[in-house]
Amino acid sequence: MGLPLLAITALAALAGAVALVPGPGERRARVARWTGLGLGAWLAVYAGVLVAVSLASEERVLAPGAPKRFCGAYLDCHLGVEVVGVERNGALGEGPGRIEAEGEFHVVTVAVSSDARRATLALRHPRAVVRDGAGTEHERNSAAEAALGGPWPSLSDPVAAGEKRAVRLVFDLPADVPAPRLHVTEGSRIERLVECVLIGDEDSLLHAPVALEL
């Protein structure tokens, strides 16, 4: 629903901008005035539906083993990310490369999978953070991930049709962190900007996210 409505809104805005270009004649002025009123009303309705749908949404937290799906441009939701394991350690690495946690390292193993039949797919500009019950976001700890050795696959690596691969993410979380949940999103800045005004999209304004339980 959201994508067609957004396309219609964009086309209406373009047509309205053309119609609002000043020109001679009383008839032209009336057309421009009514076009402006109609366009304004449509945008107001769209904004109202966008906010209403977002506010009505509720956060979903998927249990370990349940994949969060990511859809491409044609709504082909073939890519998935699921939590398959979590290890907790006070330190990672050996010798000079050993690194101590400020709180406790959570080594999260996720599986990136594709149920496509032929195409090789990849998450576009993926980002993973842990958000706790207090709303605080915790970024990945790149130094701790390097201490794991490897190399390990990354979230953005291409995934062949029918393939599933493990990716390890490390977060330095407080020992008493409340209700930590993994949030994985994708998309460039331009894509995220478009999705911000896409009705029903997880990344739309005020919409509740889909998270992965740790």
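In this text, all values refer to a predicted model and were calculated from it rather than measured experimentally.

S.K.: I'd like a description of the sheet that holds strand E8 (residues 181-185), backed by residues and values.
M.R.: Read across the open sheet, the five strands follow the order E1-E9-E8-E5-E6; overall the sheet is mixed. Unpaired on one side and paired on the other, strand E1 (60-62) and strand E6 (137-138) mark the two borders of the sheet. Pairing of E8 with strand E9 (residues 210-213), which is carried by two bridges, proceeds in the antiparallel orientation. From the neighbouring strand, Leu182 faces E9, where its bridge partner is Leu212.

S.K.: Could you give an account of the nonpolar core, with specific residues and numbers?
M.R.: Counting 22 residues, the largest nonpolar core has Val81, Val110, Leu169 and Leu182 as the members making the most contacts within it. Counting residues per element, the ones that place at least two in this core are strand E3 (79-92), strand E4 (99-114), strand E5 (127-131), strand E7 (164-173), E8 and E9. Per-element tally for this core: the top contributor is E7, with four residues. Contacts of Leu169, omitting those with residues within four sequence positions, involve His106, Val107, Val108, Val110, Ala128, Arg140, Glu145, Leu155 and Leu182. Core analysis: the next-biggest nonpolar cluster, separate from the first, contains six residues, Leu92, Ala101, Val107 and Val170 among them.

S.K.: Quick rundown of the pairing of E8? Include the residues and the values.
M.R.: E8 sits mainly inside the fold: five of its five residues count as buried. Of the pairings in the sheet, the one linking E5 to E8 comprises five bridges and is antiparallel in character. Each residue of the ladder has a partner; that of Arg127, found in E8, is Thr185.

The rules behind these values
- Starting afresh in each chain, residues are numbered from 1 along the sequence in its written order.
- Given that the model is predicted, a residue must reach a pLDDT of at least 70 before its local features are reported, and side-chain atom pairs must reach 80 or more before they are shown or counted; all residues, however, enter totals for whole chains, interfaces and linings.
- Calculation of side-chain values draws on the structure's entire complement of heavy atoms; hydrogens and water are dropped beforehand.
- Should DSSP find at least two bridges between two strands, the strands are taken to pair.
- Only DSSP runs of H or I reaching four residues or more are called helices, and only runs of E reaching two or more are called strands; each is numbered from the N terminus.
- Residue types Ala, Val, Leu, Ile, Met, Phe, Trp, Tyr and Cys, when buried and joined through side-chain atoms within 4.5 Å, form a set referred to as a nonpolar core.
- For every residue, the accessible area (1.4 Å probe, protein chains only) is compared with the maximum for its type, and the residue is labelled buried under 20%, exposed over 50%, or partly exposed between those bounds.
- In this description, contact between two residues means that some pair of their heavy atoms is separated by no more than 4.5 Å.

By themselves, these figures tell us nothing about what the structure is for.
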